[in-house]
Amino acid sequence: MVDYRLLPAGDAAVVVEFGDTIDRHINALILALDNRLEGEHWIFETVPTFRSLMVHYDPDAISQAAIAERIAWHAAQIQIVERPSRLWRLPVCYDAEMAPDLSEVAARTGLTTRQVIERHSSVVYYVYMLGFLPGLAYMGEVPPELAVPRLQSPRLKAAAGSLGIAMTMSLIMPRETASGLNLIGCSPVSMWHDDNRALLQPGDKVIHEPVSLEEFDIVRTRLGRGEIRVDPVAELREIRA
Amino acid sequence: VTSFLNILQPGLVTSVQDLGRAGYQRLGIGPSGALDPVALRAANLLVGNEPGEGALEIIYLGPTIKIEAESVRLSFAGASATIEILSNNAAGAANGSAWIAGQRSVVVRRGDIVKIGSLTGSACLYVGVEGGLAVDPTMGSVSTNIRAGTGGWHGRALAAGDQLPLRRVRASDRDEYRLEGITFLPSTQIRVTSGPQHDYFDEANIARFFQNEYAVSTSDRVGMRLMGETALHHCRGFNIASDAIAPGSIQIPGNGQPIVLMTDRQTTGGYPKIATVISADLPALGRLFIGAKLRFEQVSMDTAQVLRRRMLSFLEDLKNCVVPISSPITPTISVLSDRNLISGVIDAIRGAESWPSGETMGSYVNGETSDIG
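All of these numbers come straight from a predicted model, not from anything done at the bench.

K.L.:
So what's going on with the overall build of chain B? Which residues, and what values?
P.N.:
Counting its regular elements, chain B contains six helices and 22 strands. Within chain B, the fraction of its 373 residues that count as buried is 59%. Here chain B displays about 14,000 Å² of accessible surface, and carbon together with sulfur accounts for 51% of that area.

Structure below.
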């Protein structure tokens, strides 16, 4: 039996909350429910996040009591099954020129910059959710020895592609934005396509592959010309909800 | 393109908006759309458009627009504003101007300059365009999401020099219309339903939220920061693992002062949300000026649903508030060169049929309400 709470969010949305922490199992339950709700005629849209699923519904099409029933019915059907998950290998340049906070992160964590890069790129990240900006994926978990708080005062401009970390999360900016994250690299890959698609989706896996400044430039140029494109490198099969 | 609106001055934040885009919040794109969807619908109905057509949304201070089309029918709905129309003769020199009140449609012609001043009564005004703007929808909507840099006119507010293409080359010969029996006033009592994170506050702090009088300290299309007499205290900290944000979500960040999230909001956030503005009160919320005072009132979900249905039936009936401007004989107040000279010459300049009158207001000319012609 899956445990959750139904929380009101105004008169046309409800939050199905599975927990209050960042946890892959909780997130997998959310994505599974999200998947199941597809096709329910009374739903306008759903928004999966770390710990909950927001359901924007049509109050004229369904009563609150009926929503509770439908969600309970779907939640009871969630099974632990094997599901494919896309694996991406994204080039990231950790060169000091593109990593304004790398040395500060090294100083804070007592590691060398080389160790920071090695540890950050040694992990297979999991995409929990997209939010805040179009295509911005929240990826975890940053190795515990790299856990650093947000900047005291946010930087007004982080370039598109900037890779930032704070606590357990690692993010790549889809566009130039203000950011309170510690910037330790930059990816030449666009997180948001011009035809309004996000590169990543919740449940995806991501490996960051260190590249030099020269390689960064080449990849960015060739991506821009459409000579190469970034596709998932594999579909991992694993046990998920 | 031969027909467009040439933006000479953009105003404070003027953007293309419709009723917003649905279905993309899961990708990180908020819905956007008009802050006052009632006024947007009214502006469209005045020029015979579908109510959800894209229009120009003006916040606080209006733009100056030069008409580069044979003719175009515009409408103004929402806030009150001084709207001045400068018309040019063949040589291009300004030879006449007129002030009109909003809440009506009007035809303007090539070379005319429409100057919209500061808004009063409401923080937003909508300029409807007969036939619509020739702006391609992005993800199903022409709304501009300024924060995300997408949709509308290049994903941003209008800037001087922008040339917004029009779908029509000239105005139709339909009548002019005005609004009757409707006002676009902000509300000082905003109704909310509890949650989703009201359990981050104890009873005393929830009571304080409803007792406080709040003032709008800053406001934009993303959110409205409020300042109350006493800050709220969280009983379980103010950082939560991010979850999604609903329309009208009221976040309480670390300083204990609320932020109400508006249509260009981020899709997810990490502050507890004490309550959510009911959908029926969202348009009135969008009209609030910086400095405006308000209080929150809690209602039950059932009450919120009743009020929501009432709002929907009001929107259904909105077309009944759109009435023809009947008599072209009603004196027009206009100004020729000298702003203190009041006469009916505008009809002589442009012909009565293109300048239906009756709605022009002396109050904008001489600072007093007047119906002299």
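So that's the structure; there's more coming.
K.L.:
Requested: an account of the overall build of chain A, with residues and values cited.
P.N.:
When helices and strands are counted, chain A shows five helices and 14 strands. In terms of overall dimensions, chain A has a C-alpha envelope of 60 × 40 × 35 Å along the principal axes. A separation of at least 24 residues holds for 66% of the contacts in chain A among residues at least 6 apart in sequence. Total accessible area on chain A is roughly 10,900 Å²; 50% of this is exposed by carbon and sulfur atoms. For chain A, the distance from the average site of its 23 positive side-chain charges to the average site of its 32 negative ones is 3 Å.

K.L.:
Help me get a handle on the interface of chain B and chain A, residues and values and all.
P.N.:
With 41 residues of chain B at the contact, the number on the chain A side is 40 residues. Carbon and sulfur atoms supply 52% of the area buried between chain B and chain A, which totals about 3,100 Å² over both sides. At the boundary of chain B with chain A, the tally comes to four salt bridges. The closest approach of N and O atoms between Asp34(A) and Arg26(B), which form a salt bridge, is 2.6 Å. Between the two partners, chain B and chain A, sit 17 residue pairs in polar contact (both at pLDDT 80 or more). Elements with a minimum of two residues in the side of chain B that touches chain A: β11 (189-194), β14 (243-244) and α4 (301-316) of chain B. Counting residues per element, the side of chain B that touches chain A draws most heavily on α4(B), at six residues. Class assignment of the residues belonging to the side of chain B that touches chain A gives a composition of 17 nonpolar, 17 polar and seven charged.

K.L.:
For α4(B), give the residues involved together with the corresponding values.
P.N.:
Working note: α-helix, 3.6 residues per turn, so residues spaced by three or four point in the same direction. Residue and element names in this part refer to chain B. Between its first and last C-alpha atoms α4 spans 23 Å; for 16 residues at 1.5 Å apiece the expected length is 22 Å, and the two agree. Here α4 has its buried residues at Met 301, Ala 304, Gln 305, Leu 307, Arg 308, Met 311 and Leu 315. Summarising the axial view, the buried residues of α4 lie within an arc of 165°, below the 170-degree limit, and thus occupy one face. Among the exposed residues of α4, those pointing more than 90 degrees away from its buried face are Asp 302, Arg 310 and Glu 316.

K.L.:
Would you mind going over the nonpolar core in detail, with residue names and values included?
P.N.:
Ranked by size, the top nonpolar core spans 52 residues in total, and within it Ile250(B), Val260(B) and Phe296(B) carry the most contacts. The leading source of residues in this core is helix α1 (residues 37-46) of chain B, at seven residues. Other than its neighbours up to four places away in sequence, Phe296(B) contacts Ile190(B), Val192(B), Phe209(B), Phe210(B), Tyr214(B), Leu226(B), Ile250(B) and Val260(B). With 32 residues, the next largest nonpolar core counts Val127(A), Val148(A), Ile184(A) and Met191(A) among its residues.

K.L.:
Residues and numbers for a negative patch on the surface, please.
P.N.:
There is a patch of like negative charges on the surface, built from Asp95(A), Glu97(A), Glu214(A), Glu215(A) and Asp217(A). By the secondary structure assignment, Asp217(A) is in helix α5 (residues 213-225).

K.L.:
Talk me through unusual backbone geometry; I want residue IDs and the actual numbers.
P.N.:
Residue Glu141(A) is reached from Gly140(A) by a cis peptide bond, and omega for that bond is -5°. Structurally, Glu141(A) can be placed in the loop between β7 (137-140) and β8 (155-158). The amide bond that connects Gly195(B) to the next residue, Pro196(B), takes the cis arrangement and shows omega of 10°. As for its position among the elements, Pro196(B) is in the loop between β11 and α2 (203-211). A positive phi angle, close to 75°, is found at Phe132(A), a residue other than glycine. With respect to the helices and strands, Phe132(A) occurs in the loop between β6 (124-130) and β7. When its relative accessible area of 30% is taken as the criterion, Phe132(A) is described as partly exposed. One non-glycine residue, Tyr60(B), adopts positive backbone phi at about 65°. Summarising the element assignment, Tyr60(B) is placed in the loop between β3 (55-59) and β4 (64-68).

K.L.:
Can you lay out the state of the cysteines for me, pointing to particular residues and giving the numbers?
P.N.:
Residue and element names in this part refer to chain A. In total, this model carries zero disulfides over all chains according to the counting rule given. Here Cys 186 stays unpaired: no disulfide links it, and the sulfur of Cys 93, its closest cysteine neighbor, is 7.5 Å away. For Cys 186, a relative accessible area of 7% puts it in the buried group.

K.L.:
Could you give me a rundown of the pattern of salt bridges, with the residues and numbers involved?
P.N.:
On inspection of all chains with the given rule, the structure shows 30 salt bridges over all chains. Note that Glu17(A) and Arg5(A) form a salt bridge whose closest N and O atoms lie 2.9 Å from each other. Of this pair, Glu17(A) sits in strand β2 (residues 13-17) while Arg5(A) sits in strand β1 (residues 5-8), and the two are twelve residues apart along the sequence. Three or more residues are tied together by salt bridges with common partners; here these are Arg5(A), Glu17(A), Asp20(A), Arg51(A), Asp199(B) and Arg236(B).

K.L.:
How would you sum up the sheet that holds β2(A)? Please name residues and give values.
P.N.:
All names here are of chain A. Ordered by their spatial adjacency, four strands build an open sheet running β1-β2-β4-β3, and the pairing between neighbours is antiparallel. Here the strands that pair on one side only, and so sit at the sheet edges, are β1 and β3 (43-48). Sheet twist, expressed as the average angle between the axes of neighbouring strands with direction ignored, equals 20°. Pairing analysis gives four bridges linking β1 to β2, with the strands arranged antiparallel. Considered in β2, the bridge of Pro 8 is made with Val 14.

K.L.:
Explain the pairing of strand β5 (residues 71-88) of chain B to me, using residue names and the numbers behind them.
P.N.:
Across a regular strand the side chains alternate sides, sitting on one face of the sheet and then on the other. All names here are of chain B. Within β5, 15 of the 18 residues are buried, leaving the element largely enclosed by the surrounding structure. Both β5 and strand β8 (residues 113-129) contribute to a ladder of eleven bridges, which runs antiparallel. Bridge assignment links Leu 74 to a residue of β8, and that residue is Val 129.

K.L.:
Quick one: what's the story with the packing of aromatic side chains, residue by residue and with numbers?
P.N.:
Geometry of an aromatic ring pair is reported as the spacing of the ring centres plus the angle between the planes. Using the criterion set out here, one finds nine aromatic pairs over all chains in the structure. On the numbers, 6.0 Å between centres and 40° between planes, the contact of Tyr4(A) with Phe18(A) is tilted. Of this pair, Tyr4(A) sits in the segment before β1 while Phe18(A) sits in the loop between β2 and α1 (24-37), and the two are 14 residues apart along the sequence. Judged by its relative accessible area of 9%, Phe18(A) falls in the buried class. Between Phe209(B) and Phe210(B), the aromatic rings sit 5.0 Å apart at their centres with planes inclined by 75°, giving edge-to-face as the arrangement. A relative accessible area of 21% means that Phe210(B) is categorised as partly exposed.

K.L.:
Requested: an account of the sheet that holds strand β19 (residues 293-298) of chain B, with residues and values cited.
P.N.:
Residues and elements named next belong to chain B. A barrel is described by the order of its strands in space; here seven strands give the closed sequence β11-β18-β15-β16-β13-β12-β19, paired in mixed fashion. Mean inter-strand twist for the sheet, computed between neighbouring axes without regard to direction, equals 40°. With three bridges joining them, β11 and strand β18 (residues 273-277) adopt antiparallel strand pairing. Bridge pairing links Ser 194 to Ala 275 in β18. Seen against the sheet, α2 touches β11, β12 (214-219), β15 (249-251), β18 and β19 and runs at an angle of roughly 130° to β19.

Parameters at a glance
- Residues numbered from 1 in each chain as written.
- Chains lettered and ligands numbered in written order.
- Predicted model: local features only at pLDDT ≥ 70, side-chain atom pairs only at ≥ 80, totals over all residues.
- Heavy atoms only, no water.
- Helix = DSSP H or I, 4+ residues; strand = E, 2+ residues; numbered from the N terminus.
- Buried < 20%, exposed > 50% of the residue type's maximum accessible area, 1.4 Å probe, protein only.
- Areas by Shrake-Rupley, 256 points an atom, 1.4 Å probe, with all protein chains shown as cover.
- Contact = heavy atoms within 4.5 Å.
- Lys, Arg positive; Asp, Glu negative; His and termini not counted.
- Charge placed at Lys NZ, Arg CZ, Asp CG, Glu CD.
- Buried area = accessible area lost by both parts, 1.4 Å probe.
- Salt bridge = Lys/Arg side-chain N within 4 Å of Asp/Glu carboxyl O.
- Polar contact = N/O pair within 3.5 Å; in protein donor to acceptor, adjacent residues only side chain to side chain.
- Nonpolar A, V, L, I, M, F, W, Y, C, P; charged D, E, K, R; others polar.
- Expected span 1.5 Å × (residues − 1).
- Arc of directions from axis to C-beta.
- Core = buried A, V, L, I, M, F, W, Y, C linked by side-chain atoms within 4.5 Å.
- Patch = residues over 30% accessible without salt bridge, like charges linked within 9 Å, V, L, I, M, F, W, Y side chains within 5 Å.
- Disulfide = S-S within 2.5 Å.
- Pairing = 2+ DSSP bridges.
- Axes fitted to C-alpha atoms, helices over the stretch in contact; angles between N-to-C directions.
- Phe/Tyr/Trp six-rings, centres within 6.5 Å; stacked < 30°, edge-to-face > 60°.

By themselves, these observations are geometric and do not establish any function.
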